[in-house]
Amino acid sequence: MARPVTLFTGQWADLPFTEMVAKTKSFGYDGIELACWGDHFEVDKAIAEADYCDNKRQALDDAGLQCHAISAHLAGQAVLDNIDERHQAILPDYVWGDGDPAGVNQRAIEELKQTARAAQKFGVEVVNGFTGSSIWHLLYSFPPVPPSMIDAGFDLFAERFNPIMDVYGECGVRFALEVHPTEIAFDIYTAERALEALDNRPEFGFNFDPSHLIWQGIDPVKFIRRFPDRIYHVHIKDAIVTLDGATGINCSHLNFGDARRGWDFRSPGRGGVNFEEIIRALNEIDYQGPLSIEWEDSGMEREYGAAEACEFTKKLDFSPSNRAFDAAFDEAND
């Protein structure tokens, strides 16, 4: 049976929920992954208002759309980050508060806990998101970075995320970190270390997104096979490396869409990700969850791209075989 193809609404939060639901259905999707910003899924209202979650679910049911996950990337980013003025633009006012960094960190922690409670109330078992990182700025080791500073970053991750994961365990909800630059885990080895820091507790796993791995030179299929029991959700998202001797992989402080960058995101099927092998690897680990399209392509009109991406993904997906292809030879000889 084909996995549901859903659309992540994070890049569409400028549109109201009702319009986003209608567009998602018109593009051909089976479901929707609601971002916890804009008015798509508001955690504070989900907790405070008795009928909020029921009304959201009814609107999706009326449109014939499934919802398997909500996403708390923005609040999650502020849990571990060294807070600065950039964070005000991505956080709700009640999380930003007066902007005092320690206060923002603490309020973000509470928001991520509340998100688990809201997810339980809404009837979904996965919250996708970010963690932020207090040590991302230490990536290039100059001035030389002593191991103790990296150790301290993962210790802080454990200190702040274990209490969050306690709430997720109480709610029967799993947190799926999107392994991504600027997070505590951004590749295979840091993902291993993040799991170890939390003693491999089951509430914490990954939202697999190949686009953030491929430009780093990491084979996304190896990530799936390394963490077969921790792939809690999947994003279908593409990227392409465009190094030409002048462009750099660190992208020269140039924003997405600038042709001088050394890599950029692309609409699914139009970049460098080998989705065929990804589907085969997901079949190997028996992943049955949604294939959720996170659509980003600065060079393409987004409604055209979202509809095309849905069609691409539905054609891409296939079920594994339940028999060996050459079994017929043995059967014919019986």
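Scroll up a little and you will see the structure.
Source: prediction; values computed, not measured.

Scoring rules and cut-offs
- Residues numbered from 1 in each chain as written.
- Predicted model: local features only at pLDDT ≥ 70, side-chain atom pairs only at ≥ 80, totals over all residues.
- Heavy atoms only, no water.
- Phe/Tyr/Trp six-rings, centres within 6.5 Å; stacked < 30°, edge-to-face > 60°.
- Helix = DSSP H or I, 4+ residues; strand = E, 2+ residues; numbered from the N terminus.
- Buried < 20%, exposed > 50% of the residue type's maximum accessible area, 1.4 Å probe, protein only.
- Pairing = 2+ DSSP bridges.
- Axes fitted to C-alpha atoms, helices over the stretch in contact; angles between N-to-C directions.
- Contact = heavy atoms within 4.5 Å.

Chemist: I'm lost on the packing of aromatic side chains in this one. Help?
Modeler: Aromatic ring pairs are described here by two measures, namely the spacing of the ring centres and the angle between the planes. Applying the stated criterion to the full structure yields 20 aromatic pairs. Centre to centre, the rings of Phe 157 and Phe 204 are 5.6 Å apart; their planes meet at 65°, and the pair counts as edge-to-face. Here Phe 157, found in helix α7 (residues 147-171), pairs with Phe 204, found in strand β6 (residues 204-208); they are 47 residues apart in sequence, far enough to count as distant. The burial state of Phe 157 is the same as that of Phe 204; both residues are buried. With centroids separated by 5.8 Å and ring planes inclined at 55°, the aromatic side chains of Phe 161 and Phe 175 adopt a geometry described as tilted. In this pair, Phe 161 sits in helix α7 while Phe 175 sits in strand β5 (residues 174-178), placing the two residues 14 residues apart along the sequence. Each member of the pair, Phe 161 as well as Phe 175, is classed as buried. Cluster of aromatic residues (ring-pair linked, three or more members): Phe 157, Phe 161, Tyr 168, Phe 175, Phe 204, Phe 206, Phe 208, Phe 223 and Phe 227.

Chemist: Please clarify how the sheet that holds β5 should be interpreted in this entry.
Modeler: Either a parallel or an antiparallel arrangement is found when strands of a sheet pair, and the pairing is made through backbone hydrogen bonds. Taken in spatial order, the eight strands of this closed barrel run β1-β2-β3-β4-β5-β6-β7-β10, and their pairing is parallel. Along the sheet, successive strands turn relative to each other by an average axial angle of 30°, direction set aside. Of the strand pairs in this sheet, strand β1 (residues 5-8) and strand β2 (residues 31-35) are connected by three bridges, and their pairing is parallel. Bridge pairing in β2 places Thr 6 opposite Gly 31. Against the sheet, helix α1 (residues 17-27) makes contact with β1 and β2, and its axis sits at roughly 150° relative to β2, the strand it touches most.

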